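# Fold and geometry: a report
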Amino acid sequence: EAQVTQNPRYLITVTGKKLTVTCSQNMNHEYMSWYRQDPGLGLRQIYYSMNVEVTDKGDVPEGYKVSRKEKRNFPLILESPSPNQTSLYFCASSRSGQGYEQYFGPGTRLTVT
Amino acid sequence: GQNIDQPTEMTATEGAIVQINCTYQTSGFNGLFWYQQHAGEAPTFLSYNVLDGLEEKGRFSSFLSRSKGYSYLLLKELQMKDSASYLCAVRNYGGSQGNLIFGKGTKLSVKP
């Protein structure tokens with residue numbers, strides 16, 4: 001089954017404790033992206049990757065890191081999480097090029113205390 | 001600046017037609033997407049417009065006017081399962097082809 005998976009689905013952590021949210025897709029998509037979704041603010045893009053070893057900042061990259069060493073994986077790293085990073089995070093992937101829709105993972109709900 | 005505007009909430013009756021508007025101001029334009037998102041779930045793709053005009057897909061249609069920075073999503077024969085948030089998103093060519101900007105979404109409630 002074609003899908004985007006994220007782990008963990010739920011995470012409660014403390015300020016400053018490094019964490020990684022994994023994202024994997026099995027559709028051989030070139031493009032992958034991370035978003036956060038907050039009430040009243042909608043979906044905002046954190047980082048995206050057009051292909052392996054090619055990443056770029058979205059609209060809200062501060063406090064996050066990403067890497068794209070393999071085509072299927074695009075982990076999101078929070079080196080020193082803070083409470084303002086409490087959010088619902090979505091990973092998405094698509095074929096590259098104009099008009100291809102993004103397939104979203106199920107989401108990771110992160111709480112930083 | 002870059003901005004995408006949609007109504008926050010709308011209510012409609014089962015079986016009716018509803019139009020959800022989206023206006024955008026971005027530094028570039030390389031296509032507009034509509035996504036549906038049920039509460040607690042991931043967004044799913046509905047439609048894509050890059051040229052002016054109407055795209056029809058079953059009960060859903062989407063319209064684009066690039067000169068006006070305007071799009072709408074039309075939902076016909078509304079069903080209860082259409083109760084969801086509808087997200088308008090613009091691919092911002094000005095920054096990068098990978099930069100996708102979402103509106104805050106329109107929460108649609110369908111009443112019996």
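Structure's up top.
Before going into details, it helps to say that this report is about the structure given with it.

Residue and element names in this part refer to chain B. Read across the open sheet, the five strands follow the order 1-3-8-7-6; overall the sheet is antiparallel. The sheet is open, and its two borders are formed by strand 1 (3-5) and strand 6 (53-57), each paired with just one other strand. Between one strand axis and the next, the sheet turns by 15° as a mean value, whatever way the strands run.

If you look at the biggest cluster of nonpolar residues, it comprises 22 residues, and the most contacted ones within it are Leu 32, Trp 34, Leu 73, Leu 75, Tyr 86 and Leu 108 of chain B. Broken down by secondary-structure element, the contributors of at least two residues to this core are strand 2 (9-13), strand 3 (18-25), strand 4 (32-37), strand 7 (60-65), strand 8 (70-75), strand 9 (84-91) and strand 11 (106-111) of chain B. With residues near it in sequence (within four places) discarded, Leu 75 of chain B still touches Ala 16, Ile 17, Val 18, Ile 20, Arg 59, Phe 60, Asp 82, Tyr 86 and Leu 108 of chain B. In this structure, Met 27, Ile 46, Tyr 89 and Cys 91 of chain A belong to the second largest nonpolar core, which totals 19 residues.

The subject of this paragraph is the interface of chain B and chain A. Each partner contributes to the interface: chain B provides 21 residues, whereas chain A provides 22 residues. Summed over both partners, the interface of chain B with chain A buries about 1,700 Å², with 51% contributed by carbon and sulfur atoms. Inspection of the region where chain B meets chain A yields zero salt bridges. In this structure, the connection of chain B to chain A is made through four residue pairs in polar contact (both at pLDDT 80 or more). Secondary-structure elements contributing two or more residues to the side of chain B that touches chain A are strand 4, strand 5 (44-49), strand 9 and strand 10 (100-102) of chain B. For the side of chain B that touches chain A, the class distribution of residues is eleven nonpolar, seven polar and three charged.

A few words on the side chain of Thr 106 of chain B. All names here are of chain B. Tracing the backbone through its elements, the reader meets Thr 106 in strand 11. At 3.1 Å, the side chain of Thr 106 and the side chain of Gln 6 are in polar contact. What Thr 106 contacts, discounting residues up to four positions off in sequence, is Gln 6, Pro 7, Thr 8, Glu 9, Met 10, Ile 20, Ala 84, Ser 85 and Tyr 86.

Moving on, we get to the packing of aromatic side chains. Following the criterion strictly, the structure yields 16 aromatic pairs over all chains and no others. Centre to centre, the rings of Tyr 35 of chain A and Phe 102 of chain B are 5.4 Å apart; their planes meet at 85°, and the pair counts as edge-to-face. In this pair, Tyr 35 of chain A sits in strand 4 (residues 31-38) while Phe 102 of chain B sits in strand 10, so the two residues belong to two different chains. No difference in accessibility class separates Tyr 35 of chain A from Phe 102 of chain B, as the two residues are buried. Judged by centre distance (5.0 Å) and plane angle (20°), the ring pair of Phe 63 of chain B and Tyr 72 of chain B falls under stacked. Ring pairing ties together the aromatic residues Tyr 35, Phe 90 and Phe 104 of chain A together with Phe 33, Tyr 35, Phe 45, Tyr 48 and Phe 102 of chain B, which thus form one cluster.

Procedures and definitions
Residues numbered from 1 in each chain as written. Chains lettered and ligands numbered in written order. Predicted model: local features only at pLDDT ≥ 70, side-chain atom pairs only at ≥ 80, totals over all residues. Heavy atoms only, no water. Pairing = 2+ DSSP bridges. Helix = DSSP H or I, 4+ residues; strand = E, 2+ residues; numbered from the N terminus. Axes fitted to C-alpha atoms, helices over the stretch in contact; angles between N-to-C directions. Core = buried A, V, L, I, M, F, W, Y, C linked by side-chain atoms within 4.5 Å. Buried < 20%, exposed > 50% of the residue type's maximum accessible area, 1.4 Å probe, protein only. Contact = heavy atoms within 4.5 Å. Buried area = accessible area lost by both parts, 1.4 Å probe. Salt bridge = Lys/Arg side-chain N within 4 Å of Asp/Glu carboxyl O. Polar contact = N/O pair within 3.5 Å; in protein donor to acceptor, adjacent residues only side chain to side chain. Nonpolar A, V, L, I, M, F, W, Y, C, P; charged D, E, K, R; others polar. Phe/Tyr/Trp six-rings, centres within 6.5 Å; stacked < 30°, edge-to-face > 60°.

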